[in-house]
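Survey of secondary and tertiary structure
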Amino acid sequence: MWELILNEYNLTSETLQLAQMRAELVNIGEKERILRERSADREAYRYLLDAHRLTARASLPGEQGLNISPQDGGKDGQLAA
């Protein structure tokens, strides 16, 4: 009889622990999602800031924008390092 009671207690205890672990995993997953979104937002902000800097530099009077000419390919069509 005691074994049945103890077994029920252990099952309840294990079930409670599993529920707590699942809740922790959900919480961790939510935190990871938020961090990924923030990282993506920062990356987009950097991209827009760089684009703004390039266009502002190109629009300054007397300033040349980026003057990047295509490099000639070397032997076998590879670019020089």
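The following paragraphs examine the structure supplied in this document. Sequence positions are assigned chain by chain, starting from 1 and proceeding in written order. In view of the model being predicted, local features appear only for residues whose pLDDT reaches at least 70, and side-chain atom pairs are presented and counted only at 80 or more, with totals across whole chains, interfaces and linings using the full set of residues. Note that water and hydrogens are dropped before the side-chain values are worked out from all heavy atoms of the structure.

1. Observations regarding the overall build of the chain
- Within the chain, the regular secondary structure consists of 1 helix and 0 strands.
- Accessible surface for the chain amounts to roughly 8200 Å². Of this, 57% is attributable to carbon and sulfur atoms. Here a strand is any run of E in DSSP of at least two residues, a helix any run of H or I of at least four, and the numbering for each starts at the N terminus. Calculation of accessible area relied on Shrake-Rupley with a 1.4 Å probe; when residues are assessed, cover is drawn exclusively from the protein chains displayed.

2. What about the pattern of salt bridges?
- We count a salt bridge whenever a side-chain nitrogen from Lys or Arg sits within 4 Å of a carboxyl oxygen from Asp or Glu. Counted under the stated rule, the structure contains 4 salt bridges.
- A salt bridge links arginine 33 to glutamate 30; the nearest nitrogen and oxygen atoms lie 2.4 Å apart. Taken as a pair, arginine 33 and glutamate 30 lie in helix α1 (residues 2-59) at a separation of 3 residues, close to a single helical turn.
- Remark: exposure states derive from per-residue accessible area (1.4 Å probe, protein chains only) relative to the maximum for the residue type, with buried under 20%, exposed over 50%, and partly exposed in between. Relative accessible area serves as the criterion here: at 32%, arginine 33 is assigned to the partly exposed category.
- One salt bridge in this structure joins glutamate 37 and arginine 33, with 2.5 Å as the shortest N-O distance. In this pair, glutamate 37 and arginine 33 both sit in helix α1, 4 residues apart, roughly one turn of the helix.

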